[in-house]
Amino acid sequence: MEHPENNEAYKGLTVNEGVAQPSIINPYLQRQRVRRRQLSAAELVEGIVKGDVTVLSQAVTLVESVNPDHQAKAQEVIEKCLPHSGNSVRIGISGVPGAGKSTSIDEFGIHVLQRTGGKLAVLAIDPSSERSKGSILGDKTRMEKLAQHPDSFIRPSPSAGSLGGVARKTRETIILCEAAGFDKIFVETVGVGQSETACHSMVDFFLLIQLAGTGDELQGIKRGIMEISDGIVINKCDGDNVDRCHLAATSFRNALHFFPPHESGWTPRVLCYSGFYGLGIKEIWDMVYEYVDFVKQNGYFDYRRSEQAKYWMYETINEQLRNHFYQNRQIQEQLKLAETAVLAGQKTSFVAAGDLLEQYFRK
């Protein structure tokens with residue numbers, strides 16, 4: 001008997017059979033996913049030049065891929081887009097974590113689009129986990145106004161361990177965005193403090209967002225990042241925090257006097273604003289556009305662009321050499337032996353590295 005409770009010994013107790021449960025698999029679900037057709041390099045370039053954001057997104061994904069086939073295709077796309085690039089103003093935006101970079105970019109972007117029109121691309125770099133290697137890529141959720149604007153394009157990318165909080169392929173993505181007709185580019189960094197030289201080497205104006213009362217103004221605020229900043233702005237200047245912000249601005253202005261003058265001849269300015277309430281945004285962008293006009297008149301704008309191109313040529317050489325070294329099969333085998341020798345105390349880390357490099361270059 002299926003249910004012993006229905007036995008005569010248990011009179012008055014009856015258990016029903018119940019209802020058969022349906023399958024957890026949707027019967028209408030297709031067994032095979034329909035894969036999207038991969039566009040050729042020529043089709044990608046054509047779509048990018050026409051301003052198709054969907055094609056642009058596919059091209060950026062291709063650029064960020066580590067697949068060798070994808071990289072070869074991406075380089076072909078970039079090379080063909082290069083003649084259509086270079087006609088934008090690139091703004092790097094950095095600051096300590098929690099300074100309100102994403103909220104500020106939302107206000108900055110809307111102000112710039114209303115002021116000058118055109119199209120804006122925001123390349124937001126999201127920190128990657130050291131454990132899982134994953135990223136949340138949630139910056140777009142904090143840019144509510146720009147996310148709905150028809151003339152904006154927001155692309156979050158994982159930092160993937162890149163120095164300075166700038167993704168390895170950000171510069172190539174800038175070229176694609178410019179070819180797609182975006183005449184204003186914002187590059188938002190992770191905000192790691194003193195390692196922002198990578199972002200500085202790909203933008204025309206570097207804006208540093210700071211907070212009042214963090215103590216940084218006491219040490220001249222992390223000298224490395226202060227020296228490369230073209231403008232410093234103090235966020236959250238509202239409510240009871242106004243006096244503290246203006247006091248911090250005075251400290252920052254005093255600190256700037258101890259730094260050597262910029263090559264451009266520009267003197268960095270310190271301003272206060274509120275990204276949440278949208279106060280002081282106009283003054284910041286008056287400063288940015290004044291800087292752009294200033295460096296274009298004295299020729300520094302083109303000089304800096306050419307220096308950046310040279311810098312990234314050397315960076316690419318370093319990256320390619322590093323990748324070629326680790327992808328060498330014989331080196332991969334020798335690496336395991338070298339690790340064992342180092343862990344066993346038979347070799348120091350420096351001697352093991354020297355032996356591997358000597359073997360690599362000898363071949």
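Provided above is the structure to which this section pertains.
Quick caveat: nothing in here was measured; it's all calculated off a predicted structure.

**Focus on empty space enclosed by the protein**
Summed over all chains, the structure comprises two cavities of 30 Å³ or more. The wall of the second largest cavity is formed by Val 89, Ile 91, Val 112, Lys 184, Phe 186, Trp 285 and Tyr 289. Those elements giving two or more residues to the lining of the second largest cavity turn out to be β1 (89–95), β4 (184–188) and α10 (281–297). Along the lines of polarity and charge, the residues of the lining of the second largest cavity split into six nonpolar, no polar and one charged.

**Focus: helix α12 (residues 329–343)**
For an α-helix the count is 3.6 residues per turn, leaving residues at separations of three or four pointing the same way. The end-to-end C-alpha separation of α12 is 22 Å, in line with the 21 Å expected for 15 residues at 1.5 Å each. Inspection of α12 places Ile 331, Ala 338 and Ala 341 among the buried residues, and these make up the whole buried set. Close packing links the buried residues of α12 with α11 (300–327) and α13 (349–362). Capping of α12 at its N-terminal end is provided by Asn 328; its side-chain oxygen lies 3.0 Å from the backbone amide nitrogen of Gln 330.

**Some points on the pattern of salt bridges**
Evaluated as defined, the whole model comprises 15 salt bridges. Note that Arg 304 is salt-bridged to Asp 230, the shortest N-O span being 3.5 Å. Of this pair, Arg 304 sits in helix α11 while Asp 230 sits in the loop between α8 (223–228) and β6 (231–234), and the two are 74 residues apart along the sequence. Looking at Arg 304, the relative accessible area reads 7%, which means it is buried. The closest approach of N and O atoms between Arg 269 and Glu 290, which form a salt bridge, is 2.7 Å. Of the two residues, Arg 269 sits in strand β7 (residues 269–272) while Glu 290 sits in helix α10, which places them 21 residues apart along the sequence. A single network of salt bridges, built from pairs that share partners, joins Arg 115, Lys 282 and Asp 286.

**Some remarks on the environment of Asp 238**
Tracing the sequence through the fold places Asp 238 in the loop between β6 and α9 (242–256). Apart from residues lying up to four places away in sequence, Asp 238 is in contact with Ser 274 and Tyr 277. At 2.6 Å, the side chain of Asp 238 forms a polar contact with the side chain of Ser 274.

**Things to note about the side chain of Arg 171**
Within the secondary structure, Arg 171 is located in helix α6 (residues 170–179). Despite its burial, Arg 171 pairs with no opposite charge; the closest candidate is Glu 178, at 7.9 Å N-O. Contact partners of Arg 171, with chain neighbours within four places excluded, come to Arg 90, Ser 201, Met 202, Gln 308, Ala 309 and Trp 312.

**Brief notes about the layout of surface pockets**
Quantified by volume, the second largest pocket comes out at close to 530 Å³. If you trace the second largest pocket, you find 22 residues lining it, with Ile 78, Arg 171, Glu 172, Ile 175 and Thr 316 closest to the centre. Secondary-structure elements contributing two or more residues to the lining of the second largest pocket are α3 (68–81), α6 and α11. The element that contributes the greatest number of residues to the lining of the second largest pocket is α11, accounting for eight residues. Considering only residue class, the lining of the second largest pocket consists of five nonpolar, seven polar and ten charged.

**Quick look at the pairing of strand β5 (residues 205–210)**
Among the six residues that make up β5, six are buried, leaving the element largely enclosed by the rest of the structure. Neither face of β5 is open: one carries Phe 205, Leu 207 and Ile 209, the other Phe 206, Leu 208 and Gln 210, and all of them are buried. Summarising the sheet, β1 and β5 pair through five bridges and their orientation is parallel. Its bridge partner lying in β5, Gly 92 is registered against Phe 206. Relative to β6, β5 is paired through four bridges, and the arrangement is parallel. Bridge pairing in β6 places Gln 210 opposite Ile 234.

The rules behind these values
Residues numbered from 1 in each chain as written. Predicted model: local features only at pLDDT ≥ 70, side-chain atom pairs only at ≥ 80, totals over all residues. Heavy atoms only, no water. 1 Å grid on protein atoms, 1.4 Å probe; cavity = no way out; pocket = protein on both sides within 12 Å on 5 of 7 lines; lining within 4 Å. Points joined across faces, edges and corners; volume = space filled by probe spheres on them. Helix = DSSP H or I, 4+ residues; strand = E, 2+ residues; numbered from the N terminus. Nonpolar A, V, L, I, M, F, W, Y, C, P; charged D, E, K, R; others polar. Expected span 1.5 Å × (residues − 1). Buried < 20%, exposed > 50% of the residue type's maximum accessible area, 1.4 Å probe, protein only. Contact = heavy atoms within 4.5 Å. Polar contact = N/O pair within 3.5 Å; in protein donor to acceptor, adjacent residues only side chain to side chain. Salt bridge = Lys/Arg side-chain N within 4 Å of Asp/Glu carboxyl O. Lys, Arg positive; Asp, Glu negative; His and termini not counted. Pairing = 2+ DSSP bridges.

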